[in-house]
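Commentary on secondary and tertiary structure
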Amino acid sequence: MTEFNYQPPFPVLKDETEYRLLTKDHVRVVECDGRKIVKVAREGLELLAREAFADVSFYLRAAHLRQLAAILDDPGASDNDKFVAHTMLLNQVVAAEGELPTCQDTGTAIVVAKKGEDVYTGCDDAAAISRGIFETYRDRNLRYSQVVPFTMFDEKNTGTNLPAQIDIHATRGNAYEFLFLTKGGGSANKTFLYQQTKALLTEEALTRFVKERVLDLGTSACPPYHLAIVIGGTSAEACLATVKKASAGYLDHLPTRGNEAGQAFRDREWEARVLKICQETGIGAQFGGKHWVHDARVIRLPRHAASCPVAIGVSCSADRNIKAKITGEGIFLEQLEKNPARFLPARAPRLAAAVDIDLDQPVENVLRELSKYPVKTRLNLSGTLVVARDIAHARLKALLDEGKPMPDYFKKHPVYYAGPAKTPAGMPSGSFGPTTAGRMDSYVDLFQRHGASLVMVAKGNRSREVTEACARNGGFYLGSIGGPAAILAKESIKSVRVVDFEELGMEAIREIRVENFPAFIIVDDKGNDFFADFVH
């Protein structure tokens, strides 16, 4: 007869995290029925959440920055790989000053916690953690991105960045462990679930699947990525939850083989294969090259015999993950890198010169100038951009549907798809990097036919309909580097003013003046798309 055997599903073998002590306050140990109970005051949870989300918004892990620096030393890296990596390191130097967050999309606040049975708080833990999150987003130069629905179609920004996603699990012991993440929309949107079958589980089939499906990631989530692929899972949601944790490095120290009880494990051989597949795509660090991903984690899980869920997800160039713990000795937070400048090279990489483009000349002259150059050409943009995102585009379309004209400001200037974080005192702009272009694809042909969106600036790859619209209407899509929002605010964006829909907050239409704003020609007026051969 088979005997009962319980297996912890994710047996992480060790924790090499370097922690710093936040405080010994708000924690004490009491004896109860022969057990040592760690009592945590509500204020301790609030403090931990407040500090965690502040740190993770302005600082990154040293290991991540070391991988960026390695791109600069790689003789196989393209010029564009090196330009992106160097810009991201410079961006982190700016962010670490503590005023301009790494990315303008300061994300959905996510908390994954394991609460030991001998930890007592005497409060609603999720409410206390939410309070800390609320205070960080209120007091720092972060962006409010959460919208709540009142009906199926009516919704409003909360103005607090709440609600957060908070998942608290019970476990043994007297420690309280945490993973805090801020997940931007671009990164979160590139999480995929594929319901497969046993037929996938051959070397040939899995290789073919990976080569095809990783291309679904594209570049709109701001590579280089930390890529995670999870194969199996007792449910779809178990598979997806695992891929999020894996992309954050939370499951790095799993075993490397399975067992009869069904423990999760990392397959190092397939990680090397997946990394090689990604390097060979040619996508590179956003604009062509080798470094589309920093690394790949492949995790295998048990499954129902009739199911084989597969999840693919990434942590983006804003790799904003931080661990914490509360024990009888105090409240501890992972030590992130406070001096990213130490990863910068002694001299900047030597790259081919960029083409200067004056955006303040008539649009037809800008189009004529851009038409001289092939896709993948690097540009320096200077002049005026009008800024609009999803809701603003919907509002403008509604005007056209009502028979009203397209506003002149939208026809006069190129459009930048973006939404800023809060502006620090004395600065012209808050962090203000590009948002995902693909969300605006359905508007492009209509707007171009009305004389607008003939030059678009954003991040990521776009659909075939955009390429066709640009060829038909003489337009261009320019790709900006996704990720380095702080350095754009500090060095490239010289002024910002709201010109329409002020009530939309970060979604309002703005006019900005820029200098030496980096971009690449991605889609041109001849029907060429740099990403056409790479991504779906």
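Placed above this text is the structure.
So, here's what we can say about the structure. (Residues numbered from 1 in each chain as written. Predicted model: local features only at pLDDT ≥ 70, side-chain atom pairs only at ≥ 80, totals over all residues. Heavy atoms only, no water.)

Next up on the list: the overall build of the protein. Each helix and strand counted, the protein has 14 helices and 23 strands in total. Taking 2.2 N^0.38 as the reference for a compact globule, 536 residues should give roughly 24 Å; the C-alpha atoms of the protein span a radius of gyration of 24 Å, in line with that estimate. In terms of principal-axis extent, the alpha carbons of the protein reach across some 80 × 55 × 55 Å. The buried share among the 536 residues of the protein stands at 56%. Taking the contacts inside the protein whose residues are at least 6 apart along the sequence as the reference set, 78% of them involve residues at least 24 apart. As presented, the protein carries roughly 22900 Å² of accessible surface, and 49% of it is formed by carbon and sulfur atoms. (Helix = DSSP H or I, 4+ residues; strand = E, 2+ residues; numbered from the N terminus. Rg over C-alpha atoms; globule rule 2.2 N^0.38 Å. Buried < 20%, exposed > 50% of the residue type's maximum accessible area, 1.4 Å probe, protein only. Contact = heavy atoms within 4.5 Å. Areas by Shrake-Rupley, 256 points an atom, 1.4 Å probe, with all protein chains shown as cover.)

Following Leu 162, the chain continues to Pro 163 via a peptide bond in cis, the omega torsion being 5 degrees. Of note, Pro 163 is situated in the loop between strand S7 (155-157) and strand S8 (165-171). A cis amide bond links Pro 223 with the next residue in sequence, Pro 224, at an omega value of 5 degrees. Examined against the element boundaries, Pro 224 turns out to sit in the loop between helix H6 (203-213) and strand S11 (225-233). Phi angles above zero are rare outside glycine, and Asn 161 is one such case at about 65 degrees.

We now examine the pattern of salt bridges. The full count for this structure, using the stated rule, is 40 salt bridges. For Asp 401, the salt bridge identified is with Lys 397, shortest N-O distance 2.9 Å. Of this pair, Asp 401 and Lys 397 both sit in helix H10 (residues 390-401), four residues apart, which is roughly one turn of that helix. Owing to a relative accessible area of 54%, Asp 401 belongs among the exposed residues under this scheme. Taking the shortest distance from any N to any O, the salt bridge between Asp 408 and Lys 411 comes out at 3.9 Å. Of this pair, Asp 408 and Lys 411 are both found in helix H11 (residues 408-412), three residues apart, which corresponds to roughly one turn of the helix. With relative accessibility at 60%, the residue Asp 408 sits in the exposed group. Taken together, the shared-partner salt bridges in this structure form one network comprising Asp 252, Arg 266, Glu 271, Asp 295 and Arg 297. (Salt bridge = Lys/Arg side-chain N within 4 Å of Asp/Glu carboxyl O.)

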